[in-house]
Amino acid sequence: MLPVSARRPALSSVLRGHAYTRVALCKTAPSRFIQPLTHLFGQDGVLLRGPHTIPAARRALDMLNGANPMGLTNGGGVGEEARRRKLNSQLGVELQHTQILQAHTILKSVVHKYADKPVLVLGGRNDDVRKVAEGYGFKHVYTTLDVLAWKPEVWPFHELTPEERASAKLVDFSQTPISAIFVFHDPRNWSLDIQVIIDVIRARGVIGGPYLDTPEPADQQPLPQDARKHDQHQAVDEHGGDKNAPIELVFCNPDLLWKSDFPQPRLGQGAFREAFQAVYKALIGKTYPYVQYGKPTTATYKFAEKVLKDRLEELQGGPVDHNPESDIAGANGAGWESVLVCTGVYDPARGPPAHMPTYVAEDVEEAVRWAIEREMGRKVD
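This write-up is about the structure you can find in this document. As the structure is a computational prediction, the values presented were derived from the model and not from experiment. (Residues numbered from 1 in each chain as written. Predicted model: local features only at pLDDT ≥ 70, side-chain atom pairs only at ≥ 80, totals over all residues. Heavy atoms only, no water.)

### Comments concerning the environment of D128
Okay, so step 1: When you line up the elements, D128 lands in helix α4 (residues 128–136).
Okay, so step 2: Here the alpha-carbon distance between D128 and G79, two residues 49 residues apart in the chain, equals 8.5 Å. (Helix = DSSP H or I, 4+ residues; strand = E, 2+ residues; numbered from the N terminus.)

### Overview of helix α2 (residues 80–91)
Okay, so step 1: Between its terminal C-alpha atoms α2 stretches 16 Å, which fits the 16 Å expected from 12 residues at 1.5 Å a residue.
Okay, so step 2: What α2 keeps buried is the set E80, R83, R84, L87, N88, Q90 and L91. Along the axis of α2, the buried residues cluster in a sector spanning 165°; they form a single face.
Okay, so step 3: Following α2 by one or two positions, G92 has its phi on the positive side, about 70°. (Expected span 1.5 Å × (residues − 1). Buried < 20%, exposed > 50% of the residue type's maximum accessible area, 1.4 Å probe, protein only. Arc of directions from axis to C-beta.)

### Observations regarding unusual backbone geometry
Okay, so step 1: With an omega of 15°, the peptide bond between K295 and P296 qualifies as cis.
Okay, so step 2: Along the chain, P296 turns up in the loop between β14 (291–292) and α10 (298–311).
Okay, so step 3: One non-glycine residue with positive phi stands out, namely N126, at about 50°.
Okay, so step 4: With respect to the helices and strands, the residue N126 is situated in the loop between β8 (118–122) and α4.
Okay, so step 5: A positive phi angle is found at R204, which is not glycine, with a value near 55°.
Okay, so step 6: Position of R204 relative to the elements: it lies in the loop between α7 (190–202) and α8 (225–234).

Written as structure tokens, this is what we have:
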């Protein structure tokens, strides 16, 4: 092996979906020519399609024998440990939970802001994402099912199932002001979730409280201006938060579409965000500010790069993806080389991709072979 100072940066290959990264040494060539080759593999449309493993995925991982996988995905909804067990079973690899970066893993970096404050989390089944958030360090985590269990009239068009009711926490939300909203994963009940988000935002965190962005009714006597200013100055909740501060809204996955085992792509969390914003704008006249994580955002790629740098001595990005809008755009924006595979959202029959990759491959096996041969060529040169 060459000394660190003589090595070229490793090539990183990223694929859309739930992810793995292989730090591999090719056994077929002299070790002095081989660099650590870093691959971040996604799941949907690259390694898996719905619950089924894409045949080329196993062959691609076999080519990276003896490697140390990393993952970057816009999927989520469960903890990294649960994802690790499932992927190990599906793909026949041995991953550690620290090698998997889901859409919401980045929230570990912002826990300190809200660890001791009540937050609302959305997405997934029952209270699965509550457990994920608590695992990250959030101490007061609530779901829209908790809200519905508290007051069914919040959204009278859905009756909690026994399983949903068993997962709900008993809490008085009139006394529990929400400080932030995190959409961890794709919501299962869009109508309920949009209604509760709007209630939280418009009432500055107090569900059931008066909407503070609405003029007071003509038959209601407003507070004197001086008293109102005084009340606002004193509006601090028991958790130390400002009751009048806008509620931070965070989405973890911008994908409008994702690839399942259904013939056509399915609506993703990005579609939910658009639906919420459309309703909010119809009510208020403007969209609501939000924070967006997930591929292709710069924040997510910087987070992934930091994790990779912790595992490698040197890194040069180079994603292999299936979604030109999120994966390739993010990789190109991060200055990485990129490979687009044709087993996911992208369909070459519909014309060139919106964002051009470094290379287009039929599947992940061809992508990995191209990355290895390209990097080996660099070493020989």
